[in-house]
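# Inside the fold
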Amino acid sequence: MSIKDIFNKVKKEAKVLQGEETKDKVYQNENSYPTEQEARTAFERSKQKLFNVNDWTKLSGVNSTFELYDSRGRTTALKPEVGYYLKIILPASTIENWVKIADLREEDNLAEFVVHPSEKPKELGEGEAEVEHFFIKEASSTFRVTRQGNTIHGYEIGKNEGINNQGEDAGDRAVLNTFVAEGGWAIFQELQWDKLTRYLVHLEEAQEE
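Below you will find a few notes about this structure. (Residues numbered from 1 in each chain as written. Predicted model: local features only at pLDDT ≥ 70, side-chain atom pairs only at ≥ 80, totals over all residues. Heavy atoms only, no water.)

Let us look at the overall build of the chain. The secondary structure content of the chain amounts to six helices and seven strands. Moving toward the C terminus, one meets the helices and strands of the chain in the order α-β-α-β-β-β-β-α-β-β-α-α-α. Taking all 209 residues of the chain together, 45% fall into the buried category. At a minimum sequence separation of 6, the contacts of the chain that also span at least 24 residues come to 61%. Within the structure as shown, the chain displays about 10,900 Å² of accessible surface, and the carbon and sulfur contribution to it stands at 49%. (Helix = DSSP H or I, 4+ residues; strand = E, 2+ residues; numbered from the N terminus. Buried < 20%, exposed > 50% of the residue type's maximum accessible area, 1.4 Å probe, protein only. Contact = heavy atoms within 4.5 Å. Areas by Shrake-Rupley, 256 points an atom, 1.4 Å probe, with all protein chains shown as cover.)

Here it is in structure tokens:
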């Protein structure tokens, strides 16, 4: 890497820290099977794991807590739907980070849902307007599983990951959001999504209850 490249990287990181720029990131794992029929069977399990969000909490080792809420702010173990919410609590933390499901697709060889940072459900947040997440509301995460022939793939695709530390959306969390995004989450993000995508393609199973 040249001096110019290093300078540009540092400059971009500074702008991200100041809430002026965003990042895109992709995490993925795959698992291949001897026959296509075995891959089809495994893919059906992958879809079940993808949509059983509450079970993500059971992944072994250092892991976040994931809780699915319906559109009225009630905890639910049902399959996610557009308009549902997901509460994420990072390890060794009590800080709630909320996302809302904006899109969901389920096809023969693909299943995914897309979330954006959001406020709490109104029933829980008493009408609070601020985004309860360390990323800006324009950020998105796509959780996806696909099958191509004998191989299944698991993805977490992050887009427009900018720190929520500017304007009304940040509320009184501006400093906290900067600390979380550039501190704990910056270190933990790769571990978390690698762990999840391995689980989605059956390279890492959920811990037994």
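Bringing the pattern of salt bridges into the picture now. Side-chain pairs of opposite charge can arise where the charged atoms are in close proximity. Enumeration according to the criterion identifies 13 salt bridges in this entry. In this structure, Glu 106 engages Lys 79 in a salt bridge whose closest nitrogen and oxygen atoms are separated by 2.3 Å. Separated by 27 residues along the polypeptide, Glu 106 in strand E4 (residues 96-106) and Lys 79 in the loop between strand E2 (65-69) and strand E3 (85-89) bring together distant segments of the chain. Since its relative accessible area comes to 40%, Glu 106 is described here as partly exposed. As a salt-bridge pair, Arg 105 and Glu 112 come within 3.4 Å of each other at their nearest N and O atoms. What makes Arg 105 partly exposed here is its relative accessible area of 32%. When its relative accessible area of 5% is taken as the criterion, Glu 112 is described as buried. Connected via shared salt-bridge partners are Glu 44, Lys 47, Lys 79 and Glu 106. (Salt bridge = Lys/Arg side-chain N within 4 Å of Asp/Glu carboxyl O.)

This part is about the side chain of Lys 47. Here Lys 47 is to be found in helix H2 (residues 36-51). Exposure remark for Lys 47: the relative accessible area of 9% places this residue in the buried category. For Lys 47, the residues in contact, after removing those within four places along its chain, are Glu 106, Glu 107, Ala 111 and Val 145.

Below, the discussion takes up the nonpolar core. In this structure, Leu 50, Trp 56, Phe 66, Phe 113, Phe 143 and Leu 196 are the most contacted members of the largest nonpolar core, which totals 29 residues. Element by element, the count of residues in this core is highest for H2, at five residues. When near neighbours in sequence (up to four residues on either side) are disregarded, Leu 50 contacts Trp 56, Ala 111, Glu 112, Phe 113, Phe 143, Arg 144, Val 145 and Leu 200. (Core = buried A, V, L, I, M, F, W, Y, C linked by side-chain atoms within 4.5 Å.)

Time to look at the pairing of strand E5 (residues 110-117). Within E5, seven of the eight residues are buried, which leaves the element mostly enclosed by the surrounding structure. As defined by bridge partners, E4 adjoins E5 across seven bridges and the pair is classed as antiparallel. Bridging across to E5, Lys 100 finds its partner in His 116. In this structure, the hairpin formed by E4 and E5 is closed by a connection of three residues. In the sheet, E5 pairs with strand E6 (residues 140-148) via six bridges, with the strands oriented antiparallel. Pairing of Glu 112 across the sheet is with Arg 144, part of E6. (Pairing = 2+ DSSP bridges.)

Turning our eyes to something else, we now look at the packing of aromatic side chains. Using the criterion set out here, one finds nine aromatic pairs in the structure. An angle of 20° between the planes, with centres 6.1 Å apart, marks the rings of Trp 56 and Phe 113 as stacked. Of this pair, Trp 56 sits in the loop between H2 and E2 while Phe 113 sits in strand E5, and the two are 57 residues apart along the sequence. Phe 113 gets classed as buried once you look at its relative accessible area, which sits at 1%. (Phe/Tyr/Trp six-rings, centres within 6.5 Å; stacked < 30°, edge-to-face > 60°.)

Let's shift gears to the pairing of E4. For E3 and E4, the ladder comprises five bridges, and the chain directions are antiparallel. Bridging from a neighbouring strand, Ile 88 pairs with Asn 97 of E4. Taking the residues that link successive antiparallel strands as the turn, the E3-E4 hairpin has six residues, and the phi of Ala 92 there is positive, at about 55°.

Another point: the environment of Leu 86. You can see Leu 86 is positioned in strand E3. We classify Leu 86 as buried; its relative accessible area is 2%. As a C-alpha pair, Leu 86 and Glu 96 span ten residues in sequence and 10.0 Å in three-dimensional space.

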